[in-house]
Amino acid sequence: MPLYVVPTPIGHLEDITYRAVRVLREADLIACEDTRRTRQLLHHYGISTPLISYHEHNERQRTGELLERLRAGDTIALVSDAGTPLISDPGGQLLRAAIDAGLPVSALPGPCAATTALSAAGLSAEGFHFVGFLPPKSATRRKALEALADEPVTMVFYEAPHRLLAFLQDALTILGDRPAVVARELTKLHETYVRGTLATLTAHFGAETPRGEIVVLIDGKPTVPLPPPDDTILLAEIERGIAE
Ligand code: SAM
């Protein structure tokens, strides 16, 4: 009868809790974005719970059907392709419908690229603003960045690798030079943090287009303005291979 929101690994298959594995095994149905992707995870853990696809293109039509199953007493586990459902991922409509219908909902804690990146980036994590993806077009992206210019806490963005440079250039133009970090391929073999400022990161990624999945973190509004960018500032880059 409950709807469980279940986070799944963002790269490393071992990053899943014992409880998440049990909930996935005991559920009557798992609602997932891409059944092939979730099947790989289930196969790894020997789970044979039936799957139903639930993604941004069928979220509206599937919500009613899944709500009926919950009402009938079924337990449904909601997962996304990776990380925490609803965090830049589908699931919001089903969750809202279950809450509105007075049905029990429960979220399991687990992997999320934003909090994973924040916890090792080296920027303040006292408070943070999760922004997620900004619009892909520069004009609308710049408008969104203007609205964030006075944000005092660390901002966390998701970005596609082929748009990273344009994003950094717009951020530098709108926010001015500030400490920032590009976190790439978290929990995977080529996990990398490139730490610097928006100016040094723009120079770095101007010379090399990254691959893989990316989180960008930008410091909140500086209380005193930063000195002009210094080309001699070295980027601290940590290449860490996870061999196991
Ligand atoms: N729900 C997910 C979560 O909890 O983080 C986010 C899903 S969103 C569709 C996918 C984006 O998250 C990627 O484009 C990337 O920006 C970020 N992301 C996901 N996994 C990542 C990883 N292993 N390393 C860096 N960024 C990642």
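Residues numbered from 1 in each chain as written. Predicted model: local features only at pLDDT ≥ 70, side-chain atom pairs only at ≥ 80, totals over all residues.

Looking at an unreviewed UniProt entry, one finds the chain named Ribosomal RNA small subunit methyltransferase I, with Chloracidobacterium thermophilum as its source organism. In the Catalytic activity (unreviewed entry) part of its UniProt record, the chain is described as follows: "cytidine(1402) in 16S rRNA + S-adenosyl-L-methionine = 2'-O-methylcytidine(1402) in 16S rRNA + S-adenosyl-L-homocysteine + H(+)". (UniProt positions renumbered as here; feature names shortened; annotations may be inferred.)

Engineer: Can you explain the UniProt feature "domain: Tetrapyrrole methylase" (unreviewed entry) in the chain? Please cite residues and give values.
Structural biologist: The sites that UniProt annotates as "domain: Tetrapyrrole methylase" (unreviewed entry) are residues 3-201. The annotated region residues 3-201 carries 38% helix and 20% strand content, and the separation between its end C-alpha atoms amounts to 42 Å. (Helix = DSSP H or I, 4+ residues; strand = E, 2+ residues; numbered from the N terminus.)

Engineer: Explain helix α2 (residues 35-44) to me, and be specific about the residues and the numbers.
Structural biologist: Taken as a whole, α2 has its buried residues at Thr38, Leu41 and Leu42. Buried residues along α2 cover an arc of 100 degrees about the axis, so they all sit on one side. Those residues of α2 that are exposed and angled more than 90 degrees off the buried face are Arg36, Gln40 and His43. In this fold, the buried residues of α2 make contact with α1 (18-26), β2 (29-32) and β3 (51-53). Note on α2: the residue one or two positions beyond its end, Gly46, has a positive phi of about 65 degrees. (Buried ≥ 20, exposed ≤ 12 C-beta atoms within 10 Å, placed from the backbone. Arc of directions from axis to C-beta. Contact = placed C-beta atoms within 7 Å.)

Engineer: So what's going on with the site of the ligand? Which residues, and what values?
Structural biologist: For the ligand, the set of nearby residues contains 23 residues, the closest of which are Gly83, Ala113, Tyr158, Leu186 and Glu213. Among the secondary structure elements, those contributing two or more residues to the shell around the ligand are α5 (113-121), β7 (154-159), β8 (179-184) and β10 (214-218). A breakdown of the residues in the shell around the ligand according to their chemical character gives 11 nonpolar, 6 polar and 6 charged. (Near = placed C-beta within 6 Å. Nonpolar A, V, L, I, M, F, W, Y, C, P; charged D, E, K, R; others polar.)

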